[in-house]
Amino acid sequence: MIVIVDYGMGNLGSVQNMFKKVGADCRISSEIAEIDRADKILLPGVGAFDVAMKKIADAGMLEILNKKALEEKIPIMGICLGMQLLTNGSEEGKLPGLGWIPGYARHFKERIESHLRVPHMGWNTVKLQQRSAILGGFEQEEEIRYYFVHSYFVCVDDEHNSLMKTSYGIEFDSAIIKDNIIGAQFHPEKSHRFGMKLFKNFAAL
Amino acid sequence: MEPSLTDQFLNTGVAKRIIPCLDVKDGRTVKGVNFVDLRDAGDPVELAWQYSKQDADELVFLDITATHEKRKTTIDMVKAVARNVNIPFTIGGGIHEIGDADILLNSGADKISINSAAVRNPGLIDELADAFGIQFVVVAIDTKYVDGKNYVHLNGGRIKTDILTEEWIKEAESRGAGEILLTSMDHDGTKNGFDCKLLRTVNQSLSIPIIASGGAGNQQHFVDVFLETQVDAALAASVFHYGEIRIPDLKGTLRAHGIEVR
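Residues numbered from 1 in each chain as written. Chains lettered and ligands numbered in written order. Predicted model: local features only at pLDDT ≥ 70, side-chain atom pairs only at ≥ 80, totals over all residues.

1. Examining the overall build of chain A
Scanning chain A from terminus to terminus reveals six helices and 13 strands. Since a compact globule built from 205 residues should have a radius of gyration of about 17 Å, the 16 Å found for chain A is in line with a globular shape. If one aligns the C-alpha atoms of chain A with their principal axes, the spans along those axes are about 50 × 40 × 30 Å. By the burial criterion, 50% of the 205 residues in chain A qualify as buried. If you take every contact in chain A between residues at least 6 apart in sequence, the share linking residues at least 24 apart comes to 69%. (Helix = DSSP H or I, 4+ residues; strand = E, 2+ residues; numbered from the N terminus. Rg over C-alpha atoms; globule rule 2.2 N^0.38 Å. Buried ≥ 20, exposed ≤ 12 C-beta atoms within 10 Å, placed from the backbone. Contact = placed C-beta atoms within 7 Å.)

2. Details of the interface of chain B and chain A
Taken together, the contacts link 23 residues of chain B with 25 residues of chain A. Of all the secondary-structure elements, those providing two or more residues to the side of chain B that touches chain A are helix 3 (71-84) and helix 4 (98-107) of chain B. Per-element tally for the side of chain B that touches chain A: the top contributor is helix 3 of chain B, with three residues. The residue inventory of the side of chain B that touches chain A, partitioned by class, reads eight nonpolar, ten polar and five charged. (Nonpolar A, V, L, I, M, F, W, Y, C, P; charged D, E, K, R; others polar.)

3. Some words on the environment of B:G176
Residues and elements named next belong to chain B. Checked against the element boundaries, G176 lands in the loop between helix 7 (165-175) and strand 9 (179-184). Judged by the 21 C-beta atoms lying within 10 Å of it, G176 is buried. Distance in space between the C-alpha atoms of G176 and A129 is 5.4 Å, their sequence separation being 47 residues. In contact with G176, not counting residues within four places along its chain, are I125, D126, A129, I134 and V137.

4. Some thoughts on the UniProt feature "active site" (unreviewed entry) in chain A
In the numbering adopted here, UniProt assigns the feature "active site" (unreviewed entry) to A:C80, A:H187 and A:E189. These annotated residues cover 110 residues of sequence, and their C-alpha atoms lie no more than 10.8 Å from one another, placing them together at a single site. Among the secondary structure elements, A:H187 is positioned in the loop between strand 13 (181-184) and helix 6 (192-204). If we ignore the near neighbours within four places in the chain, the residues touching A:H187 are A:I79, A:C80, A:Y147 and A:V149. Along the polypeptide, A:E189 turns up in the loop between strand 13 and helix 6. In this structure A:E189 comes out as buried when scored by C-beta crowding, with 31 C-beta atoms within 10 Å. In this structure A:E189 touches A:S14, A:V15, A:M18, A:G195 and B:N86, once residues within four positions along its chain are discounted. (UniProt positions renumbered as here; feature names shortened; annotations may be inferred.)

5. Focus on the sheet that holds strand 10 (residues 152-156) of chain A
The strand order across the open sheet formed by three strands is 5-6-10 (chain A), and the pairing between neighbours is mixed. At either end of the open sheet lies a strand with only one pairing partner, and these are strand 5 (89-90) and strand 10 of chain A. (Pairing = 2+ DSSP bridges.)

6. Notes on helix 6 of chain A
Count 3.6 residues to each turn of an α-helix, and residues three or four apart come out pointing the same way. The end-to-end C-alpha distance of helix 6 of chain A, which contains 13 residues, comes to 18 Å, matching closely the 18 Å that a straight helix rising 1.5 Å per residue would cover. Buried residues belonging to helix 6 of chain A abut helix 1 (13-21), strand 4 (76-79), strand 9 (145-150) and strand 13 of chain A together with helix 2 (44-53) of chain B. (Expected span 1.5 Å × (residues − 1).)

7. Quick notes on the UniProt feature "active site" (unreviewed entry) in chain B
Residue and element names in this part refer to chain B. Feature annotation in UniProt assigns "active site" (unreviewed entry) to the following positions: D23 and D142. Here D23 is to be found in strand 1 (residues 17-25). Tracing the backbone shows D142 in strand 6 (residues 137-146). Exposure remark for D142: the 26 C-beta atoms within 10 Å place this residue in the buried category. With residues near it in sequence (within four places) discarded, D142 still touches N115, H153, G156, G157, T183 and M185.

8. Some details on the nonpolar core
Counting residues in each nonpolar core, the largest one holds 137 residues, and the members touching the most others are B:V139, B:I180 and B:A234. Setting aside residues no more than four positions away along its own chain, B:I180 makes contact with B:V139, B:I141, B:I169, B:A172, B:L206, B:I208, B:I210 and B:I211. (Core = buried A, V, L, I, M, F, W, Y, C linked by C-beta atoms within 7 Å.)

9. Details of the packing of helix 4 of chain B against helix 6 (residues 123-132) of chain B
Residues and elements named next belong to chain B. Taken N-terminus to C-terminus, the directions of helix 4 and helix 6 make an angle of 40°; their axes are 10 Å apart at the nearest point. Classified by chirality, the crossing of helix 6 by helix 4 is right-handed. Counted together, I98, A101 and L105 of helix 4 and E127, L128, A131 and F132 of helix 6 form the full contact between these two elements. Here the residues of the contact of helix 4 with helix 6 are counted per class, giving six nonpolar, no polar and one charged. (Axes fitted to C-alpha atoms, helices over the stretch in contact; angles between N-to-C directions. Left-handed = near helix turned anticlockwise from the far one by under 90°.)

10. Points about the sheet that holds strand 3 (residues 40-43) of chain A
Residues and elements named next belong to chain A. Here eight strands make up an open sheet; going across it, the order is 2-1-3-4-13-12-11-8 and the pairing mixed. If you trace the sheet from one side to the other, it starts and ends with strand 2 (26-29) and strand 8 (127-128), each paired once. Bridge count for strand 11 (residues 162-167) against strand 12 (residues 171-178) is five bridges, and the pairing is antiparallel. Counterpart to K165 in the pairing with strand 12 is D173.

11. Quick look at the environment of A:Q140
Mapped onto the elements, A:Q140 comes out in the loop between strand 8 and strand 9. Along the sequence, A:Q140 and A:F202 sit 62 residues apart, while their C-alpha atoms lie 19 Å from each other.

12. A closer look at the pairing of strand 3 of chain A
Residues and elements named next belong to chain A. Covered by surrounding structure in strand 3 are K40 and L42 together with I41 and L43, the residues of both alternating faces. Across three bridges, the pairing between strand 1 (residues 2-5) and strand 3 is parallel. Paired with I2 across the bridge in strand 3 is K40. By the bridge criterion, three bridges tie strand 3 to strand 4 in an arrangement that is parallel. Directly across from L42, in strand 4, lies its bridge partner M77.

13. Comments concerning the packing of helix 1 of chain A against helix 3 of chain B
At a closest axis distance of 7 Å, the pairing of helix 1 of chain A and helix 3 of chain B adopts a crossing angle of 50°. Between helix 1 of chain A and helix 3 of chain B, the angle is such that the two are oblique. Here helix 1 of chain A contributes A:G13, A:S14 and A:N17 to the contact with helix 3 of chain B, which in turn contributes B:A82, B:R83 and B:N84. (Parallel < 35°, antiparallel > 145°, perpendicular 65-115°, else oblique.)

Shown next, in the form of structure tokens:
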């Protein structure tokens, strides 16, 4: 059972429905007990970094998430802001992130040429950085595009944790991985067939 | 050599978007749709699914439902689209306050589009951007050329205002619009091409994406609008609904002209 963690940020229906479409058993929940029973976890997120971290803490979820991620080592995927939360922190906020994958989120403004619009929004390409079960079947694809909407971008400290890279004025890590923990800056649930493929692979991990 | 402005805008990495627009009334699509393999041409979910299969990059639903009481059917439609279609979509029409947008967001809409309501109450743009982020807020503008100037029109172009289109675009951006959907009433329905002159003028002063709308009749019109104006997206209705332009063919043509598409 995949549990989509509901900590009060954003609409989770699309994520759930795309998992259903690929035949995965999944449920949206904010119950600690249910998160504890999960064999996979999806951490969504839309909005501001500190608000999200605070909501997770206020919901009493930090402990269970750490246990699932670091002790049980079940597959966990963070999406969009949910990926940024996996890192050490963000320029957007003051609170530390979950710290599961060393890295940091920074704002595009001032770091890219001024003619490039922020947020980075639309369908951009990704370059695969390593072989991994989550990318099974991607190797033979000529061009892979995902749908992005974000103003902060993540760079990991250790290149071994880079799963995909994307360029938008600057090259950043559009997907990250460390052991059982995966992050995607783009929205797989809005990214048509490549999104479904990623979800399908995640469900099969 | 310095890259030209055109090169810069064409090579951002982000694909130019092709957006079919669907008119919805009481939760059903209206206007003729002539698709093969469609069990029910009025079903927005099925139509949206077909378009996503054809590699449309995004969808816009314009809700022309007249009454407040019928709004629930639209919400149900938004939920059904969100459940079944995995490309981003925008809902326009019937959004007058934060609450309207909130329901749509929670039903699964990725963006909302406001038009006359924003002109009548510009503060609505600020409120929506503050509450949901600028990426959620599309400001749609109907513009018409009158006595040498472009004026904002309301209610689907029926009512002229004294507001100059260029001024209104700037104001919308400064208040927190994330995108501008600009429909040229002079070109809409003519199938003679997008209003490249207007789009070029307004795009120069804009730092948010602009969606060109009105006038698409053939594939070359899309090539022209992307090469001549550097808009980020082009929207059309009937040429897609009647199968006059197939999106995969259109993408192939755009690609052949060096335009980055998905």
